[in-house]
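# Working through the structure, step by step
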Amino acid sequence: MLKLPTTPDLDALRTLDDKLRFLSSWTIHHANHVRESSDGLKVGGHQASCASMTAIMAALYFHALGPNDRVAVKPHAGPILHAIHYLLGSQTLEQLQNFRGFGGMQSYPSRTKDQIPVDFSTGSVGLGVAITAFASLVQDYLTAHGKLAEEDRGRFVALIGDAELDEGNIYECLIEAYKHDIRNCWWIVDYNRQSLDATSADRMFERFDEIFASCGWRTVELRYGKRLAAALNKRPAIRDWLDALPNAESSALLYQGGAAWRARIEADLGKQGAAFLKGLDDDEALGALMSNLGGHCMETLVEAFDAAMDDVPTLFVAWTVKGFGLPFAGHKDNHSGLMNPTQANAMRDAMGISAGDEWQPLAGIGGNARAGVEALINATRIRRDKRSRDFGRIAIPDIPAPAGEEQATQAAFGRILLVLSRVGGDLADRIVTTSPDVTVSTNLGAWVNQRGLFKRRDMADVFANAKIPSAQKWSATNQGQHIELGIAESNLFLMLAALGLSGDVFGERLIPIGTLYDPFIARGLDSLNYACYQDARFLLVATPSGITLGPEGGAHQSINPPLIALGQPGLRHYEPAFADELATMMEEAFRLVDDPAGESTYLRLSTRSIVQEQRTDDGWKAGALAGAYWLREPGPAAEAAIVAMGAIMPEALAAHAELSADIPGLGLLAVTSPDLLHRGWTAAQASRWSGDHQPSHVETLLARLAPNAGLVTLCDAAPASLSWIGGVLGNRVAPLGVERFGQTGSLADLYAAYRLDGAAITEAVAELLLPA
Ligand SMILES: Cc1ncc(C[n+]2csc(CCOP(=O)(O)OP(=O)(O)O)c2C)c(N)n1
Ligand SMILES: [Mg+2]
């Protein structure tokens, strides 16, 4: 599958390393010091973080990577990726010159906004690393299911900063990856031993090796470059001394340069030092030798990559100098350091580039060198074009509502999937479910019984084989459609991100459904945001939720996820009260996964079984999908309405029935998505200024009421989820909801204590109707 590349032209690769260092530096320099600034703000960029890994990226992109390999680039090395595409002809000068400008190339690689092919967005450190492991699992899944040919398979590469290795999500992912026996991953650490604030801790280095090795990874340390290694091999005492030199000290010496190295070696190593320094009279040459680390030595890099072309997951720890070749190399404060114009021009001159030729791709590369560089650029195997996104291929069948006079939305979710799994078809075959150890308790069990667990290697159901009765089959094959995860919610979201990008990354769309308990969304929030940021498409089913969970108590009763959803782009929140609403929403959510203008969907469900609404027609459906509908129509110019969401609808219905005798025309608005209502409202506001104003759905609904009607809003969540509705047309609001941590109790106890019961609603309505 992964063919060994032919022996490369190392000189040409070195020239490309220099070129990438120059172009990435100059792009940042241009944005900060050349381009006109309209607001005087510092534009920023990370020249030192780029210089640290230009050699690594040159060796990868111009040698090791094949056409199917995908890379998550360390966020602050983004300018190198753009420089590579500039050399390949797949990035424009305008984009480089508009780095960090409006519509220009992004600060950190972005799948959706950048015009070059970006395999995985990065920015929040750690997440780009982990998604490569999950993407490799998706690749194995697709191959096993006959959806990806052997020749279209590739390797998943993460380029990592050493301080990035502090992110806990990397280790959560490592454990999961081990369980799933992932392969075809290279994680390459730019081990410059500097973070943002300072130099990084010395003690961790050996530990990283051990941690990865114990999880089945091959670890490869690229510590010294060939020249330095050769010099040290002759002088073991110097090697021992250098091996033991703390990060901070070596960074300081790398910054200070040859004279400082000389003084220090003489002071620390006496005669041995003098022997080492013999023949190294030139300070500049000594400084260059001491910074000849593995991550800057082309021969070392190429050898290491060539030796790892099998499918064993591999961690490369490439020792580097942060800011290599720049005036602030090794300085602990260099993370956001920018060369001043004099320094940038000096770098340009040193590269043999004339003023004004800075953007000429091959400026400064002359003679024989040019032919070699051009040959490498032409032979580069990576994808140059941005893959067009693949949507609209999946036929979504009608999803019927499960029958039953009393139902809980969580149970209905399980039944809908069970029916889908039995009926089969393209949609069912593309569904992949996943859950962090709450498969059974979120009602995915029946689906899993039908479709099985996915593992590359078969796993027998020991209990079933021993004839021990159990409702749940638990065996795995490579044809299974459920990926079981350990309890790490961040991994759930990264798994959903990888599955939800399969159409983009592999050209084969999957329909991912992830389940977890609603409160634990918070546990993986940044990973969820990361999935949405890349426009991965999936269904997130969060259940149970709210204090309606009852006896499980406050640690499991969610309060704020509807507010999280309200503020999360790319994720649509639906909260059904009834099973037929849920069926309609699931159908819509499947459609949204495969729609170019779609998004992901978050379904907030409940275990509370409630009496279902007897419908006389389908008139409610459009409203339910748009965010709300009148469950009990208001009378003409009604003075008040109850506005309720989700599993506490029975309380709203009962209060409505009771109050209607005294307040004729009292309406009951069933909200199914505060998120959509709010978006529609703000979009309508904005459209006032663009000329084609249409009132939003929520405005149209509320316009049925008297202008000063009062609203009682009711939800098993933070009351702010609905209370804002009063601002739409200026209605007075009595917001009922949960603002304190929950506790154990029966529903009656809890609804009374948290003011979600009929009495609370009646009081709130009465108060609104009292004359001011
Ligand atoms: C989750 C997260 N926290 C903080 C940051 C801010 N930040 C960006 S880079 C960085 C330090 C990176 O150091 P390292 O990973 O060693 O990369 P280097 O620049 O040294 O290559 C920090 C703290 C971030 N981008 N993401
Ligand atoms: Mg670092």
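The paragraphs below set out a description of the structure included in this document.

## A few points about the overall build of the protein chain
- For the protein chain, the count of helices and strands is 33 helices and 20 strands.
- Relative to the compact-globule value of 28 Å for 772 residues, the protein chain shows a C-alpha radius of gyration of 30 Å, a close match.
- For the C-alpha atoms alone, the extent of the protein chain along its principal axes is close to 100 × 70 × 45 Å.
- Residues counted as buried form 59% of the 772 residues belonging to the protein chain.
- The contacts of the protein chain with a sequence gap of at least 6 include a subset with a gap of at least 24, amounting to 77%.
- If you sum the accessible surface of the protein chain, you get close to 29,400 Å²; carbon and sulfur atoms cover 53% of it.
- Put simply, the protein chain has 66 plus and 90 minus side-chain charges, and the middle of one group is 5 Å from the middle of the other.

## Here's the deal with the nonpolar core
- Trp 187, Trp 261, Phe 276 and Leu 540 are the most contacted members of the largest nonpolar core, which has 90 residues in total.
- Per-element accounting of this core gives the leading share, 11 residues, to helix H6 (residues 127-144).
- Ile 28, Cys 50, Ala 59 and Met 309 belong to the second largest nonpolar core, which has 66 residues in total.

## Let's talk about the pattern of salt bridges
- Going through the model one piece at a time under the given rule, you end up with 48 salt bridges.
- Two residues, Asp 190 and Lys 74, come together in a salt bridge whose shortest N-O distance is 2.8 Å. Here Asp 190 is found in strand E3 (residues 185-191), whereas its partner Lys 74 is found in the loop between strand E1 (70-72) and helix H4 (78-88), with 116 residues between them in sequence.
- Of the residues examined, Asp 190 reaches a relative accessible area of 0% and is grouped as buried.
- Note that Lys 332 and Asp 333 form a salt bridge whose closest N and O atoms lie 2.9 Å from each other.
- One network of salt bridges, in which partners are shared, links Asp 140, Glu 150, Arg 153, Asp 181, Arg 183, Asp 311, Arg 456 and Arg 457.

## A few points about the coordination of the magnesium ion (ligand 2)
- Summarising the metal site, the magnesium ion (ligand 2) is bound by the protein donors Asp 162 (OD), Asn 192 (OD1) and Gln 194 (O), whose distances to it range over 2.0 to 2.1 Å.
- Taking the relative accessible area as the measure of exposure, Asp 162 reaches 5% and is therefore buried.

## Notes on the packing of aromatic side chains
- Going through the model one piece at a time under the given rule, you end up with 14 aromatic pairs.
- Here the aromatic rings of Phe 22 and Trp 26 are separated by 5.4 Å at their centres, their planes lie at 25°, and the arrangement is stacked. Of this pair, Phe 22 and Trp 26 both sit in helix H1 (residues 10-34), 4 residues apart, roughly one helical turn. Side by side, Phe 22 and Trp 26 carry an identical accessibility label, which is buried.
- Aromatic ring contacts, followed pair by pair, group Trp 186, Phe 305 and Phe 316 into a single cluster.
- Note that Arg 70 overlies the ring of Phe 506, its terminal NZ or CZ placed 5.7 Å from the centroid.

## Thoughts on the environment of Leu 625
- For Leu 625, the position within the fold is in helix H26 (residues 619-626).
- Taking relative accessible area as the criterion, Leu 625 reaches 21% and is therefore assigned partly exposed.
- Measuring from C-alpha to C-alpha, the distance between Leu 625 and Leu 582 comes to 9.9 Å, with 43 residues separating the pair along the chain.
- Apart from residues lying up to four places away in sequence, Leu 625 is in contact with Arg 572, Tyr 574, Thr 584, Met 585, Glu 588 and Leu 676.

## Examining the sheet that holds strand E19 (residues 705-714)
- If you trace the 5 strands from one edge of the open sheet to the other, you get E16-E18-E17-E19-E20, paired in mixed fashion. Since the sheet does not close on itself, it has two edges, and those belong to strand E16 (628-632) and strand E20 (732-736), each with one partner. Neighbour-to-neighbour, the strand axes of the sheet open up by a mean angle of 25°, direction not taken into account.
- Pairing geometry for E19 and E20, over 5 bridges, is parallel. Each residue of the ladder has a partner; that of Gly 710, found in E20, is Arg 732.
- Against the sheet, helix H27 (residues 649-660) touches E16, strand E17 (638-645), strand E18 (667-671) and E19, its axis set at about 160° to E17.

## Some details on the packing of H6 against helix H21 (residues 489-500)
- Running from amino to carboxyl end, H6 crosses H21 at an angle of 60°, the nearest separation of the two axes being 8 Å. Looking at the two axes, H6 sits oblique to H21. For the pair H6 and H21, the crossing hand works out as right-handed. Contact residues: Leu 127, Ala 130, Ile 131, Phe 134, Ala 135, Leu 137 and Val 138 in H6; Asn 491, Leu 494, Met 495, Ala 497, Ala 498 and Leu 499 in H21.

## Some details on the site of ligand 1
- Around ligand 1, a shell composed of 18 residues is seen, among which Ser 49, Lys 74, Asp 162, Gln 194 and Lys 322 lie nearest.
- Note that a nitrogen atom of ligand 1 is positioned 2.9 Å from one of the backbone N or O atoms of Gly 123.
- Backbone polar atom of Gln 194 to an oxygen atom of ligand 1: 2.8 Å apart, as the coordinates give it.
- Calculation on ligand 1 without its partners gives an accessible area of 590 Å², and the protein chains cover 75% of this total.
- Here the shell around ligand 1 is built from residues that sort into 3 nonpolar, 9 polar and 6 charged.

## Quick word on the sheet that holds strand E4 (residues 218-222)
- Strand order in the open sheet formed by 5 strands is E1-E2-E3-E5-E4, and the pairing between neighbours is parallel. The open sheet has two free edges, formed respectively by E1 and E4, since each of these has just one partner strand. Pairs of neighbouring strands in the sheet enclose a mean axial angle of 15°, with direction left out of account.
- With 6 bridges joining them, E3 and strand E5 (residues 314-319) adopt parallel strand pairing. Bridge pairing in E5 places Val 189 opposite Val 317.
- The strands touched by helix H3 (residues 54-64) are E1, strand E2 (156-161), E3 and E5; relative to E3, the strand with the most contacts, the crossing angle is about 150°.

## Notes on the state of the cysteines
- Summed over all chains, the structure comprises 0 disulfides.
- With no disulfide of its own, Cys 215 has Cys 173 as its nearest cysteine by sulfur position, at a separation of 9.8 Å.
- You can call Cys 215 buried: its relative accessible area is 14%.

## Things to note about helix H25 (residues 579-593)
- Over its 15 residues, H25 extends 21 Å from the first C-alpha to the last, a length consistent with the 21 Å expected when each residue adds 1.5 Å.
- With 13 of 15 residues buried, H25 is to be regarded as a mostly interior element.

## Side note on unusual backbone geometry
- With omega at -5°, the peptide bond leading from Thr 543 into Pro 544 counts as cis.
- If you trace the backbone, Pro 544 turns up in the loop between strand E12 (539-542) and helix H24 (561-566).
- Located in the positive-phi region is Asp 437, a residue other than glycine, with phi close to 65°.
- Turning to its location among the elements, Asp 437 is positioned in the loop between strand E7 (431-436) and helix H19 (445-451).

## Thoughts on the pairing of E7
- Within E7, 6 of the 6 residues are buried, which leaves the element mostly enclosed by the surrounding structure.
- Here E7 shows two buried faces, one formed by Ile 431, Thr 433 and Ser 435 and the other by Val 432, Thr 434 and Pro 436.
- Of the pairings in the sheet, the one linking E7 to strand E11 (residues 511-516) comprises 4 bridges and is parallel in character. Each residue of the ladder has a partner; that of Ile 431, found in E11, is Ile 511.
- In terms of strand pairing, E7 meets strand E10 (residues 482-485) through 4 bridges, oriented parallel. Its bridge partner being in E10, Pro 436 is matched across the sheet by Leu 485.

Conventions and cut-offs
Residues numbered from 1 in each chain as written. Chains lettered and ligands numbered in written order. Predicted model: local features only at pLDDT ≥ 70, side-chain atom pairs only at ≥ 80, totals over all residues. Heavy atoms only, no water. Helix = DSSP H or I, 4+ residues; strand = E, 2+ residues; numbered from the N terminus. Rg over C-alpha atoms; globule rule 2.2 N^0.38 Å. Buried < 20%, exposed > 50% of the residue type's maximum accessible area, 1.4 Å probe, protein only. Contact = heavy atoms within 4.5 Å. Areas by Shrake-Rupley, 256 points an atom, 1.4 Å probe, with all protein chains shown as cover. Lys, Arg positive; Asp, Glu negative; His and termini not counted. Charge placed at Lys NZ, Arg CZ, Asp CG, Glu CD. Core = buried A, V, L, I, M, F, W, Y, C linked by side-chain atoms within 4.5 Å. Salt bridge = Lys/Arg side-chain N within 4 Å of Asp/Glu carboxyl O. Donors = N, O, S within 2.8 Å, 3.2 Å for Na, K, Ca; no water. Phe/Tyr/Trp six-rings, centres within 6.5 Å; stacked < 30°, edge-to-face > 60°. Lys NZ or Arg CZ within 6 Å of the ring centre and 35° of its normal. Pairing = 2+ DSSP bridges. Axes fitted to C-alpha atoms, helices over the stretch in contact; angles between N-to-C directions. Parallel < 35°, antiparallel > 145°, perpendicular 65-115°, else oblique. Left-handed = near helix turned anticlockwise from the far one by under 90°. Near = heavy atom within 4 Å. Polar contact = N/O pair within 3.5 Å; in protein donor to acceptor, adjacent residues only side chain to side chain. Nonpolar A, V, L, I, M, F, W, Y, C, P; charged D, E, K, R; others polar. Disulfide = S-S within 2.5 Å. Expected span 1.5 Å × (residues − 1).

Structural measurements only, silent on function.
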